[in-house]
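Architecture and fold: a report
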Amino acid sequence: MSTATAVAPVNAEQTGRRVEEVLERLTASGEPAAAAAAEELVRSLMDFYGAGLARILHLLSAAPGEPSAALLGDELVASLLVLHDLHPEDRDTRIARALDRVQEHALDVEAFDETSGTLTLRAREAGGCGCGSGTGAIEAAEAALACFAPEVRAVDLRSAPKGPTLLQIGTAPTGTR
């Protein structure tokens with residue numbers, strides 16, 4: 001039997017929504033004591049796991065070098081570090097890391113509005129044909145940002161300015177010289 005065990009994939013965004021749904025059901029049940037106990041339980045567990053994550057980061061920082069790129073690049077670990085305000089990278093670096101995961105959409109950051117949490121992205125032209133990124137660019141960016149930069153609450157995608165029209169040059173038919 002192997003000492004390593006398989007870890008079931010966990011989606012931080014879905015887990016957060018599930019916790020909120022359960023707390024809402026308890027609140028709606030009309031039993032305030034049960035709802036208060038559930039919220040206290042969640043807070044206690046968050047404090048416990050946050051302290052554990054902080055200890056892990058402290059121990060890693062005592063070792064030579066920075067925390068590994070694999071650790072900071074893992075969606076689940078990154079979302080936990082951000083949730084507990086422990087992620088060593090700043091917001092802009094985490095946004096860049098998230099967008100690196102969706103490189104096929106060729107997105108550039110234009111601005112971030114801290115008040116609304118809106119990240120404005122510009123889709124670069126793909127292949128010089130004047131077309132922008134695919135239709136799934138916003139969805140792909142939002143999914144990646146949810147793990148690495150949850151302070152981004154909305155994404156505004158702008159198209160790149162239309163480039164020059166592609167001129168097709170063919171060969172002349174044979175025998176017309």
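Residues numbered from 1 in each chain as written. Predicted model: local features only at pLDDT ≥ 70, side-chain atom pairs only at ≥ 80, totals over all residues. Heavy atoms only, no water.

Points about the overall build of the protein chain
The criterion, for reference: Secondary structure elements are defined from DSSP: runs of H or I of at least 4 residues count as helices, runs of E of at least 2 residues count as strands, and each element is numbered from the N terminus. Burial here depends on accessible area, computed with a 1.4 Å probe over protein chains only, as a share of the maximum for the residue type. Under 20% is buried, over 50% is exposed, and the range in between is partly exposed. Residues are treated as being in contact if the distance between any of their heavy atoms lies within 4.5 Å. Where accessible areas are quoted, they stem from the Shrake-Rupley method and a 1.4 Å probe; at the residue level, only the protein chains shown are allowed to cover.
Broken down by element type, the protein chain carries six helices and three strands. For the protein chain, the residues scored as buried account for 23% of the 177 residues in total. A fraction of 62% describes how many contacts in the protein chain between residues 6 or more apart in sequence connect residues 24 or more apart. Counting every atom, the protein chain has about 12,400 Å² of accessible surface; 57% of that belongs to carbon and sulfur.

Describing the confidence of the model for the protein chain
Our working definition: pLDDT measures the predictor's confidence residue by residue and takes values from 0 up to 100.
Counting all residues, the mean pLDDT for the protein chain is 79, and 77% of those residues have values of 70 or more. Highest mean pLDDT in the protein chain belongs to helix 5 (residues 91-100) (92); lowest belongs to helix 3 (residues 69-73) (79). Per-residue pLDDT stays below 50 along residues 127-133; that stretch engages in 14 contacts with residues further than four places along the chain or on separate chains.

Observations concerning the sheet that holds strand 3 (residues 154-159)
Test applied: In this analysis, strands are considered paired if DSSP registers two or more bridges between them. In this analysis, axes come from line fits to C-alpha atoms, helices being fitted only over the stretch in contact, and the angle between any two N-to-C directions falls in the range 0 to 180 degrees.
As summarised here, the arrangement of the three strands in space is 1-2-3, forming an open sheet in which the pairing is mixed. Looking at the sheet topology across the chains shown, the edges are occupied by strand 1 (107-113) and strand 3. In this sheet, adjacent strand axes meet at a mean angle of 25° when their direction is disregarded. The strands touched by helix 5 are strand 1 and strand 2 (118-123); relative to strand 1, the strand with the most contacts, the crossing angle is about 145°.

A look at the packing of aromatic side chains
Using the following cut-off: Here is the rule: rings of Phe, Tyr and Trp (six-membered ring for Trp) pair when centre to centre is within 6.5 Å. Planes less than 30 degrees apart are stacked, more than 60 are edge-to-face, and the remainder are tilted.
Taken as a whole and assessed by the stated rule, the structure comprises one aromatic pair. Between Phe 48 and Tyr 49, the ring centres sit 5.4 Å apart and the planes meet at 70°, which makes this aromatic pair edge-to-face. For the pair Phe 48 and Tyr 49, a shared accessibility class is recorded, and that class is exposed.

Side note on the side chain of His 84
Within the secondary structure, His 84 sits in the loop between helix 4 (75-83) and helix 5. Judged by relative accessible area, His 84 falls into the buried class, the value being 16%.

Describing the nonpolar core
The cut-off we apply is this: We define the nonpolar core as a collection of buried residues of types Ala, Val, Leu, Ile, Met, Phe, Trp, Tyr and Cys that are connected through side-chain atoms lying within 4.5 Å of one another.
Ranked by internal contacts, the top residues of the largest apolar core, which has 19 residues, are Ile 95, Leu 99, Leu 107, Leu 121, Leu 145 and Val 152. At the level of secondary structure, the elements contributing two or more residues to this core comprise helix 5, strand 2 and helix 6 (137-148). For this core, the leading source of residues is helix 6, giving seven residues. Those residues within four positions of Leu 99 in sequence are excluded, and the remaining contacts are Leu 107, Val 109, Leu 121 and Ala 141.

Things to note about the side chain of Thr 120
When you line up the elements, Thr 120 lands in strand 2. With a relative accessible area of 11%, Thr 120 lands in the buried category. When residues no more than four places from it in sequence are discounted, the contact partners of Thr 120 are Asp 108, Val 109, Glu 110, Ala 111, Asp 156 and Arg 158.

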